[in-house]
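What the coordinates show
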Amino acid sequence: MLLVYCPYCGVSRPETEFSCRGEAHIARPADPAQTSDEDWVNFLYMRSNTKGVYVERWRHIHGCGRFFNAVRNTVSDDFLKFYKAGEPMPDLEELAKEAGK
Amino acid sequence: MSDVLANDLITPDAGVSPLLSQSDVSILKAAPIARLSFRAREAALANAGTAFGVPLPTQPLSSEIGAKRAALWMGPDEWTLLAPEEDLETLFETIETALGDQPHALVDISERSEAIIVSGEKAVWLLNTGIFVDFSIEEFPVGTVSRTIFHKSPVMIWRTGADTFVVEAWVSFMDYVSGLLVQSAQELTAA
Ligand SMILES: [Zn+2]
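What follows covers the coordination of the zinc ion. Residue and element names in this part refer to chain A. In this structure, Cys-6 (SG), Cys-9 (SG), His-60 (ND1) and Cys-64 (SG) serve as the protein donors to the zinc ion, at separations of 2.0 to 2.4 Å. For the zinc ion, the 4 donor atoms are set out with angles of 105 to 116° between them, so the coordination reads as tetrahedral. Each donor residue of the zinc ion belongs to the same chain, and together they define the spacing C-x2-C-x50-H-x3-C. On the basis of relative accessibility, which here comes to 6%, the residue Cys-9 falls in the buried class.

As structure tokens, then:
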């Protein structure tokens, strides 16, 4: 079982308290009416699905209820960083390099 | 029994016989209580705390208790406020009046959940049969409150004493939670 750290509760908890909600930092088009069908499809469905270091939204659904973001290596399942929603995306290459040493 | 609790709010339901009564752990159904869900941002907290009678804790997973009052941290903008049933209406009015037009949500959720009191030297052992949380006193000190998962049911765990926990579950899930706890406790006597 994975241990997931909630940046709002400040504790690591079993993954059963959380739900993973897919890739993070996907911005909703500001004006949906002016967005082409193709761009809307990209926003709704297309994800980078990286093999390696990936940014995800997680929700502490059976805890404080908050969404936050996590950087996870999809190959090893290692979490490299947890941070609150609204904070900028960390430098993934830098994180991968740090984790690799 | 209530003297093992760190507050005067959670008391065993006198009309209900113990769900479990072993020398090392017991489970008692708690008497009904008023529960308010309060959600607001920081600006409204001071007023709400004054009106409620106990400041709302801002430290994650912590609780504040006062005379017949308890404020439990549920999330960075969410608290559960506990008080005796008979205080519900006046308390609700007092908080609403104090907050005026400050943005907030105050909802009576008294009937949504039920509480049991799990107490005894094997209380931690028993809870850990269905909850993957470290309940050592260093990691989960007295006063800590947290929602989590017991097997497949969401529960709220509030440690009110070194060996005493209040376990809340939604009304329709409580039979499942208390039933599994009672069943798991049989292992202690099976030797
Ligand atoms: Zn949390």
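Now that the structure has been shown, the text picks up again.
In this section: the sheet that holds strand S5 (residues 67-73) of chain A. Residue and element names in this part refer to chain A. Strand order in the open sheet formed by 4 strands is S3-S4-S5-S6, with antiparallel pairing between adjacent strands. Whereas interior strands pair on both sides, the edge strands pair on one side only; in this sheet they are strand S3 (19-23) and strand S6 (79-84). Within this sheet the neighbouring strands show an average axis-to-axis angle of 30°, counted without direction. Two strands pair when backbone bridges link them, and strand S4 (residues 53-59) and S5 are joined in this way by 7 bridges, in the antiparallel orientation. Directly across from Tyr-54, in S5, lies its bridge partner Arg-72. Strands S4, S5 and S6 of the sheet are contacted by helix H2 (residues 92-100), whose axis makes an angle of about 135° with S6.

Turning our eyes to something else, we now look at unusual backbone geometry. Residues and elements named next belong to chain A. We note that His-25 has phi near 60°; this positive angle belongs to a residue other than glycine. By the element assignment, His-25 lies in the loop between S3 and helix H1 (37-45). When its relative accessible area of 40% is taken as the criterion, His-25 is described as partly exposed. In the Ramachandran plot, Asn-49 falls in the positive-phi region, its phi being about 50° despite a non-glycine side chain. Along the chain, Asn-49 falls in the loop between H1 and S4. Asn-49 gets classed as exposed once you look at its relative accessible area, which sits at 64%.

Before going further, it helps to spend a moment on helix H2 (residues 88-99) of chain B. All names here are of chain B. The terminal C-alpha atoms of H2, which comprises 12 residues, lie 17 Å apart, in line with the 16 Å expected from a rise of 1.5 Å per residue. Buried residues of H2: Leu-88, Leu-91, Ile-95 and Leu-99, and no others. Projection of H2 onto a plane perpendicular to its axis shows the buried side chains occupying an angular sector of 70°, all on one side. Residues of H2 that are exposed and point more than 90 degrees away from the buried face comprise Glu-89, Thr-90, Glu-93 and Thr-97. Buried residues along H2 sit in contact with strand S3 (34-40), helix H1 (45-52), strand S5 (69-75), strand S6 (78-83) and strand S7 (104-108). Once H2 ends, the next one or two residues include Gly-100, with phi positive near 55°.

Residue and element names in this part refer to chain B. Taken together, the 6 strands give an open sheet; going across it, the order is S1-S2-S8-S11-S10-S9, and neighbouring strands pair in antiparallel fashion. Strand pairing shows two members of the sheet lacking a second neighbour, strand S1 (20-21) and strand S9 (145-150), which therefore form its edges. Strand direction decides the pairing type here: strand S10 (residues 153-161) and strand S11 (residues 164-170), joined by 6 bridges, are antiparallel. Looking across to S11, one finds that Trp-158 is bridged to Val-166. Against the sheet, helix H4 (residues 174-190) touches S1, strand S2 (26-29), strand S8 (113-119), S9, S10 and S11, its axis set at about 15° to S8.

All names here are of chain B. Once the domains are mapped, chain B shows domain 1 (6-31 + 112-190) and domain 2 (34-108). Of note, the centres of domain 1 and domain 2, computed from C-alpha atoms alone, are 24 Å apart. At the junction of the two partners, domain 1 supplies 16 residues and domain 2 supplies 17 residues. Contact between domain 1 and domain 2 buries roughly 1300 Å² in total, counting both sides, with carbon and sulfur atoms accounting for 58%. Among the residues domain 1 hides against domain 2, the three largest losses belong to Leu-9, Val-145 and Arg-147. Together they make up 41% of the total. Joining domain 1 to domain 2, the criterion identifies 2 salt bridges. Our count for the contact surface shared by domain 1 and domain 2 stands at 8 residue pairs in polar contact (both at pLDDT 80 or more). Going through the elements one at a time, S8, S9 and S10 are the ones with two or more residues in the side of domain 1 that touches domain 2. Per-class residue counts for the side of domain 1 that touches domain 2 are 7 nonpolar, 5 polar and 4 charged.

Criteria and cut-off values
Residues numbered from 1 in each chain as written. Chains lettered and ligands numbered in written order. Predicted model: local features only at pLDDT ≥ 70, side-chain atom pairs only at ≥ 80, totals over all residues. Heavy atoms only, no water. Donors = N, O, S within 2.8 Å, 3.2 Å for Na, K, Ca; no water. Tetrahedral: all angles 85-135°; square planar, octahedral: opposite > 155°, others 65-115°. Buried < 20%, exposed > 50% of the residue type's maximum accessible area, 1.4 Å probe, protein only. Pairing = 2+ DSSP bridges. Helix = DSSP H or I, 4+ residues; strand = E, 2+ residues; numbered from the N terminus. Axes fitted to C-alpha atoms, helices over the stretch in contact; angles between N-to-C directions. Contact = heavy atoms within 4.5 Å. Expected span 1.5 Å × (residues − 1). Arc of directions from axis to C-beta. Domains from an automatic or database assignment. Buried area = accessible area lost by both parts, 1.4 Å probe. Salt bridge = Lys/Arg side-chain N within 4 Å of Asp/Glu carboxyl O. Polar contact = N/O pair within 3.5 Å; in protein donor to acceptor, adjacent residues only side chain to side chain. Nonpolar A, V, L, I, M, F, W, Y, C, P; charged D, E, K, R; others polar.

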